[in-house]
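# Summary of structural features
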Amino acid sequence: GQQVMQIPQYQHVQEGEDFTTYCNSSTTLSNIQWYKQRPGGHPVFLIQLVKSGEVKKQKRLTFQFGEAKKNSSLHITATQTTDVGTYFCAGTDKFYFGSGTKLNVKP
Amino acid sequence: DAGVTQSPTHLIKTRGQHVTLRCSPISGHKSVSWYQQVLGQGPQFIFQYYEKEERGRGNFPDRFSARQFPNYSSELNVNALLLGDSALYLCASSLGDGAYGYTFGSGTRLTVV
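Thresholds applied
- Residues numbered from 1 in each chain as written.
- Chains lettered and ligands numbered in written order.
- Predicted model: local features only at pLDDT ≥ 70, side-chain atom pairs only at ≥ 80, totals over all residues.
- Heavy atoms only, no water.
- Phe/Tyr/Trp six-rings, centres within 6.5 Å; stacked < 30°, edge-to-face > 60°.
- Helix = DSSP H or I, 4+ residues; strand = E, 2+ residues; numbered from the N terminus.
- Buried < 20%, exposed > 50% of the residue type's maximum accessible area, 1.4 Å probe, protein only.
- Contact = heavy atoms within 4.5 Å.
- Buried area = accessible area lost by both parts, 1.4 Å probe.
- Salt bridge = Lys/Arg side-chain N within 4 Å of Asp/Glu carboxyl O.
- Polar contact = N/O pair within 3.5 Å; in protein donor to acceptor, adjacent residues only side chain to side chain.
- Core = buried A, V, L, I, M, F, W, Y, C linked by side-chain atoms within 4.5 Å.
- Pairing = 2+ DSSP bridges.
- Axes fitted to C-alpha atoms, helices over the stretch in contact; angles between N-to-C directions.
- Disulfide = S-S within 2.5 Å.
- pLDDT = per-residue confidence, 0-100.

If you walk through the whole model with that rule in mind, you get 12 aromatic pairs over all chains. Consider the rings of Trp-34 of chain A and Phe-63 of chain A, whose centres lie 6.5 Å apart with planes at 50°: the pair is tilted. Of this pair, Trp-34 of chain A sits in strand β4 (residues 32-37) while Phe-63 of chain A sits in strand β7 (residues 61-65), and the two are 29 residues apart along the sequence. Residue classification places Trp-34 of chain A among the buried positions, given a relative accessible area of 0%. Residues Phe-60 of chain B and Phe-64 of chain B carry aromatic rings whose centres are separated by 5.1 Å and whose planes lie at 65° to one another, so their mutual orientation is edge-to-face. Of the two residues, Phe-60 of chain B and Phe-64 of chain B, neither departs from the other in class, the shared state being buried. Through a chain of ring-to-ring contacts, the aromatic side chains of Tyr-35, Phe-45, Phe-88 and Phe-97 of chain A together with Tyr-35, Phe-45 and Phe-104 of chain B assemble into a single cluster.

In this complex, chain A contributes 13 residues to the contact, which on the side of chain B involves 15 residues. On the chain A side of the interface with chain B, the three residues burying the most area are His-42, Phe-95 and Phe-97 of chain A, jointly 38% of the side's total. On the surface where chain A and chain B come into contact, there are zero salt bridges. Put simply, chain A and chain B have two residue pairs in polar contact (both at pLDDT 80 or more) between them.

In this section: the nonpolar core. The tendency in soluble globular proteins is for nonpolar side chains to be buried as a group. With 21 residues, the main nonpolar core has Trp-34, Ile-46, Phe-47, Phe-64, Leu-76 and Tyr-89 of chain B as its most contacted residues. Of all elements in the fold, only β3 (19-24), β4 (31-37), β5 (44-50), β7 (64-68), β8 (74-78), β9 (87-94) and β11 (108-112) of chain B reach the threshold of two or more residues within this core. The contacts of Phe-47 of chain B, once residues within four sequence positions are left out, are Val-32, Ser-33, Trp-34, Glu-54, Gly-56, Arg-57, Phe-64, Ser-65, Ala-66 and Leu-76 of chain B. Ranked by size, the runner-up nonpolar core spans 19 residues in total, among them Phe-19, Trp-34, Tyr-87 and Cys-89 of chain A.

In this section: the sheet that holds β7 of chain B. Residue and element names in this part refer to chain B. Pairing within the open sheet is antiparallel, and its four strands lie in the order β1-β3-β8-β7. Since the sheet does not close on itself, it has two edges, and those belong to β1 (5-7) and β7, each with one partner. Adjacent strand axes in the sheet meet at a mean angle of 15°, parallel and antiparallel pairs treated alike. Sheet topology note: the β1/β3 ladder contains three bridges and is antiparallel. If you follow Thr-5 over to β3, its bridge partner there is Ser-24.

All right, on to the state of the cysteines then. Residues and elements named next belong to chain A. What the rule picks out here adds up to two disulfides over all chains. Put simply, Cys-23 and Cys-89 are joined by a disulfide, and their sulfur atoms are 2.0 Å apart. Handedness here is read from the sign of the S-S torsion; for Cys-23 and Cys-89, about 75°, the answer is right-handed. On the criterion of sequence distance, the pair formed by Cys-23 in strand β3 (residues 19-25) and Cys-89 in strand β9 (residues 85-91) is long-range, its members being 66 residues apart. With a relative accessible area of 1%, Cys-23 lands in the buried category. Take Cys-89: its relative accessible area is 0%, and that puts it in the buried class.

Attention shifts here to the sheet that holds strand β1 (residues 4-7) of chain A. Whether parallel or antiparallel, the strands of a sheet pair through hydrogen bonds between backbone atoms. Residues and elements named next belong to chain A. Ordered by their spatial adjacency, five strands build an open sheet running β1-β3-β8-β7-β6, and the pairing between neighbours is antiparallel. Edge positions in the sheet fall to β1 and β6 (55-58), since each has one partner strand and no second. Across this sheet, the average inter-strand angle for adjacent strands is 15°, counted without regard to direction. Of the pairings in the sheet, the one linking β7 to strand β8 (residues 71-76) comprises five bridges and is antiparallel in character. Bridge assignment links Phe-63 to a residue of β8, and that residue is Leu-74.

When pLDDT is averaged across chain A, the result is 93; 97% of the residues are at 70 or more. No element of chain A has a lower mean pLDDT than strand β10 (residues 96-97) of chain A, which averages 86, and none a higher one than β7 of chain A, which averages 98.

Pasting the structure below:
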């Protein structure tokens, strides 16, 4: 079945540093969604990518979908303490979530 | 507008018992999905319902069942509870195929003792 892997599992950065999490699928995805889950909270939808090679930006966040539609990345520029949380990708064909990358930002 | 509401928020059950979790989607959302999230892991897909029909099922045993009602609310039932069923159970609703994302409820924290 479809598997979605994310790396790294954890990332600790100093405030102001950049952060990137990578998502890899064993199968081609129709589209991919990204979610953020704050500690003690529930996943919150960030964005959906549909097209091969698509790049979308939301302020300091940049999302990319690979040409083969089997991988994706989320890049945060100049992290802030409000970015703390776990970031999940999810392939919506069968709606499998990745294992998540937990981001900790030190002030 | 209210978001996705789940009840109860917390629950403690004994091994072997059964449990029913409830979810009310955002008004106008016809799709409801259920997930199990164990601490430190990503949500695991259990079921998806759309227009009262099951559209997908994850790799969970038959002890897990669900249904969607005419008002699009949903119930998740788990029979013969095991200690390993202790988790946060999340419900998410969406417009149709989820192209605008899934909106999650705050979840039900189930503890099996």
